[in-house]
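# An overview of the molecular structure
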Amino acid sequence: MASLNVGNLGEYLREQRRNAQLSLRQLADAAGVSNPYLSQIERGLRKPSAEVLQQVAKALRISAETLYVRAGILDAERDREEWQREGATRAALLADTTLTERQKQVLLQIYESFRKENGFGIARAGTADEDGPVVQEAQDTDDAQDTAAPGPRTADGSDAGPRRTAG
């Protein structure tokens, strides 16, 4: 098998594993991947998914972003700027005192789903950040609105207009 160009990811992983004083088998078990698969990643024969990199980073207690950059999933500088913009947007939503906590969470879910739809936020989806808890993505906003979710509200909490009902 030819070595893949994964930006010295394998060498870096091996170095981090050794610094953590973990055997290949111990890291594979902690990350929930197979021993042979992790060995192939370290030797540059396999390019892992963002999800596998996240599991390995968690097991090594290092930044998943660093692994994403080394694997070529993220462009460090461009994505750092993007993450700062995303963080500013999230912070603005969370700081708005006119919204309830539920409304803030729904807006964050919608925001994340639009980012994912547009090809952004893939690496961060479903991960915690410094600003707060993990935000799961909305499953289907139409179904959510059809059932128990309240319709739009005004600032005083009254209904802003008619709601759709399950049909």
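What counts, and where the lines are drawn
Residues numbered from 1 in each chain as written. Predicted model: local features only at pLDDT ≥ 70, side-chain atom pairs only at ≥ 80, totals over all residues. Heavy atoms only, no water. Axes fitted to C-alpha atoms, helices over the stretch in contact; angles between N-to-C directions. Helix = DSSP H or I, 4+ residues; strand = E, 2+ residues; numbered from the N terminus. Left-handed = near helix turned anticlockwise from the far one by under 90°. Contact = heavy atoms within 4.5 Å. Nonpolar A, V, L, I, M, F, W, Y, C, P; charged D, E, K, R; others polar. Expected span 1.5 Å × (residues − 1). Buried < 20%, exposed > 50% of the residue type's maximum accessible area, 1.4 Å probe, protein only. Arc of directions from axis to C-beta.

## Focus on the packing of helix α2 (residues 24-31) against helix α4 (residues 50-60)
With their axes 8 Å apart at the nearest point, α2 and α4 run at an angle of 115 degrees to one another. The hand of the α2/α4 crossing is right-handed. Seen from α2, the contacting residues are Leu27, Ala30 and Ala31; seen from α4, they are Gln55, Val56, Ala59 and Leu60. The class makeup of the residues in the contact of α2 with α4 is six nonpolar, one polar and no charged.

## Observations regarding helix α7 (residues 101-117)
Over its 17 residues, α7 runs 24 Å from end to end, which matches the ideal 24 Å to within 8%, given 1.5 Å per residue. Every buried residue belonging to α7 is among Lys104, Leu108, Tyr111, Glu112 and Arg115, and all of these are buried. Looking straight down α7, one finds its buried side chains confined to an arc of 95 degrees; they lie on one side. Just past α7, the residue Gly119 takes up positive phi, approximately 85 degrees.

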